[in-house]
Amino acid sequence: GLCAVVGPPPADRSTLDVVFPPNKWCVTSSLLSLSRKPPPPLPGGFRLGKRLYFLGLSQTLESGDRVVHGARGEVTGPASGALAGQGLALLFKGNRHSVEFRLSQLRRKPAPPLPGGYRVGEKLFHNGRSQKFESGDRLVHGALGEVTGPAIGSAKALAVLFPGNKRSIECFLTHLSRT
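The model shown is predicted, which means the values in this text are computed figures rather than measured ones.

Student: An account of the pairing of strand S15 (residues 157-161) is requested, with residue identities and associated values reported.
Tutor: Of all the 5 residues making up S15, 4 are buried; the element is thus mostly covered by neighbouring parts of the structure. Here strand S14 (residues 144-150) runs beside S15; their pairing, made up of 4 bridges, is antiparallel. Bridged to Pro-150 within S15 is Leu-158. Hairpin connection of S14 to S15: 6 residues between the antiparallel strands, including Gly-153 at a positive phi of 80 degrees.

Structural data, given as structure tokens:
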């Protein structure tokens, strides 16, 4: 939206103090993030404030914020960097910062149910054979992990994060149990 510049330019001349109505306080903005022209439309034709559902795998970010498969977030702007023009930034309830996603990870309607009637966050045991991956992650027979979302491309598997691993591992439903 439109803003009002507050006071003379700062000494470093790379920022300005501005007020964005209806706010009454000023913020320091980089000159690179300000323009006299309105911004281009957001990718996918979405608008600021639109609520979208996240379809990716649940994860805790370095900031401590968490994104959860199936959660609904509010569009706060376009994605930047490598995702510029291909994604959006969303803010989720309880998080301090917006998180950027590809459009393919977002949808207007709630995520479909997970296979087997399982739920995101549910704790399941791995009853298949133990394995070690090049990444250093491990899949251990009898380990208890947390469902983070659906497996990619298989209606008979789930993504599960096991303690000590960096990433979720896709496990067939036949290799998972509640007990």
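Student: Summarise the pairing of strand S9 (residues 99-102); cite the residues concerned and give the values.
Tutor: Going residue by residue along S9, you find Val-99 and Phe-101 tucked away on one face and Glu-100 and Arg-102 left uncovered on the opposite face. When strand S8 (residues 87-92) meets S9, the two strands line up antiparallel, connected through 4 bridges. What sits directly across from Leu-88, in S9, is Phe-101. Joining the antiparallel neighbours S8 and S9 is a turn of 6 residues, in which Gly-94 adopts a positive phi near 90 degrees.

Student: Would you mind going over the sheet that holds strand S4 (residues 51-54) in detail, with residue names and values included?
Tutor: Pairing is antiparallel in the open sheet, where 5 strands are placed in the order S9-S8-S7-S4-S10. With partners counted over all chains shown, the strands left at the sheet margins are S9 and strand S10 (106-107), one partner each. Looking at chain direction, strand S7 (residues 72-78) and S8 are connected through 5 bridges and run antiparallel. Looking at the pairing, Gly-73 lines up with Phe-92 of S8.

How each quantity is defined
- Residues numbered from 1 in each chain as written.
- Predicted model: local features only at pLDDT ≥ 70, side-chain atom pairs only at ≥ 80, totals over all residues.
- Heavy atoms only, no water.
- Buried < 20%, exposed > 50% of the residue type's maximum accessible area, 1.4 Å probe, protein only.
- Helix = DSSP H or I, 4+ residues; strand = E, 2+ residues; numbered from the N terminus.
- Pairing = 2+ DSSP bridges.

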